[in-house]
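The lines below spell out each chain.
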Amino acid sequence: LARLPGDVRGQARDTIIGRRQLEAIPRSPGRLPPVRVAEAAPAAELRSHYGAVQRRFGIHWSILASINFVESAFGRVRSASEAGARGPMQFLPATWEAYGMGGDIDDPGDAILAAANYLHQAGAPRDLDGALYAYNHSTAYVRAIRHFARRMRVDEQAFLTYYAWQVYVLTPDGVK
């Protein structure tokens, strides 16, 4: 990082630290569920959802985008988690029932709205770290979300950079 120009260094720093924080989250031992991938909703559509939800709940769009990025690569990962969480914002069915506001767990707009509803009920934006911790009980998760969000807040083009990242999945037939 020290060799990078100053503006690039900041961009790389938040991304690298965010990725390292995600890697620090303990994983459950055992077999992971099969992974399904698909196209994400268009970036402009997602950005519109984040903005609308920010206006409604006061949670900065970059936080919602970061959760969407971490949880499902903006909806590209379509399989349920090992715990059974589903959709672009990865809700457990019981949590969805409480916070989904009657929407479709697999619909990006509904899922982003539900995530903001959940975070708001958990104390955001006043206690954003506490709300993020309630969303995923890991301080490493909270730090990762904050790093990715900071990058997007400083440079909104970072959202498009993260959005453009490819998803590669190891399957019995090879990498897809």
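The shown structure was predicted, so the numbers you read here are calculated from the model rather than taken from an experiment.

Cut-offs used in this document
- Residues numbered from 1 in each chain as written.
- Predicted model: local features only at pLDDT ≥ 70, side-chain atom pairs only at ≥ 80, totals over all residues.
- Heavy atoms only, no water.
- Helix = DSSP H or I, 4+ residues; strand = E, 2+ residues; numbered from the N terminus.
- Buried < 20%, exposed > 50% of the residue type's maximum accessible area, 1.4 Å probe, protein only.
- Contact = heavy atoms within 4.5 Å.
- Areas by Shrake-Rupley, 256 points an atom, 1.4 Å probe, with all protein chains shown as cover.
- Core = buried A, V, L, I, M, F, W, Y, C linked by side-chain atoms within 4.5 Å.
- Salt bridge = Lys/Arg side-chain N within 4 Å of Asp/Glu carboxyl O.
- Axes fitted to C-alpha atoms, helices over the stretch in contact; angles between N-to-C directions.
- Parallel < 35°, antiparallel > 145°, perpendicular 65-115°, else oblique.
- Left-handed = near helix turned anticlockwise from the far one by under 90°.
- Nonpolar A, V, L, I, M, F, W, Y, C, P; charged D, E, K, R; others polar.
- Phe/Tyr/Trp six-rings, centres within 6.5 Å; stacked < 30°, edge-to-face > 60°.
- Lys NZ or Arg CZ within 6 Å of the ring centre and 35° of its normal.

### Focus: the overall build of the protein chain
Broken down by element type, the protein chain carries eight helices and two strands. In the protein chain, which comprises 176 residues, the share counted as buried stands at 42%. By sequence separation, contacts in the protein chain at least 24 residues apart represent 58% of the contacts at least 6 residues apart. Of the roughly 9700 Å² of accessible surface on the protein chain, 51% is carried by carbon and sulfur atoms.

### Digging into the nonpolar core
Of all hydrophobic cores here, the largest spans 43 residues; its most connected members are Phe74 and Leu119. Broken down by element, this core gets its largest block of residues, eight residues, from helix α5 (residues 108-121). Dropping the residues within four chain positions of it, Leu119 is found in contact with Ile59, Ile63, Leu64, Ile67, Ala124, Ala131, Leu132 and Tyr135.

### Focus: the pattern of salt bridges
Counted by the stated rule, this structure contains three salt bridges. Salt-bridge contacts for Asp106 lead to Arg86; the nearest nitrogen and oxygen are separated by 2.9 Å. Of the two residues, Asp106 is situated in the loop between α4 (93-99) and α5 and Arg86 in the loop between α3 (61-72) and α4; the sequence distance between them amounts to 20 residues. Taking the relative accessible area as the measure of exposure, Asp106 reaches 42% and is therefore partly exposed. One salt bridge in this structure joins Arg146 and Asp129, with 2.9 Å as the shortest N-O distance. Placement of the pair is Arg146 in helix α7 (residues 139-154) and Asp129 in helix α6 (residues 128-135), with a sequence separation of 17 residues. Residue class for Asp129 comes out partly exposed when judged on its relative accessible area of 38%.

### Some remarks on the packing of helix α2 (residues 43-57) against α3
Put simply, α2 and α3 touch, their axes get as near as 8 Å, and they point 130° apart. Viewed along their axes, α2 and α3 adopt a mutual orientation that is oblique. Classified by chirality, the crossing of α3 by α2 is right-handed. For the pair α2 and α3, the contacting residues are Leu46, Arg47, Tyr50, Gly51, Val53 and Gln54 in the first and Trp61, Leu64, Ala65 and Asn68 in the second. Here the residues of the contact of α2 with α3 are counted per class, giving six nonpolar, three polar and one charged.

### Section: unusual backbone geometry
Residues Ala124 and Pro125 are joined by a peptide bond in cis, for which omega reads 5°. Mapped onto the elements of the fold, Pro125 is located in the loop between α5 and α6. The backbone of Ala73 shows a phi angle near 55°, a positive value even though the residue is not glycine. Note that Ala73 resides in the loop between α3 and α4. Relative accessible area serves as the criterion here: at 16%, Ala73 is assigned to the buried category. Despite not being glycine, Gln90 shows a phi value in the positive range, around 55°.

### Points about the packing of aromatic side chains
Applying the stated criterion to the full structure yields 15 aromatic pairs. Aromatic ring contacts, followed pair by pair, group Tyr50, Trp61, Phe69, Phe74, Phe148, Phe159, Tyr162, Tyr163 and Trp165 into a single cluster. If you follow Arg47 out to its NZ or CZ, it ends over the ring of Trp61, 3.9 Å from the centre. In this arrangement the basic side chain of Arg76 is found over the ring face of Tyr163, its NZ or CZ atom lying 4.6 Å from the centre.

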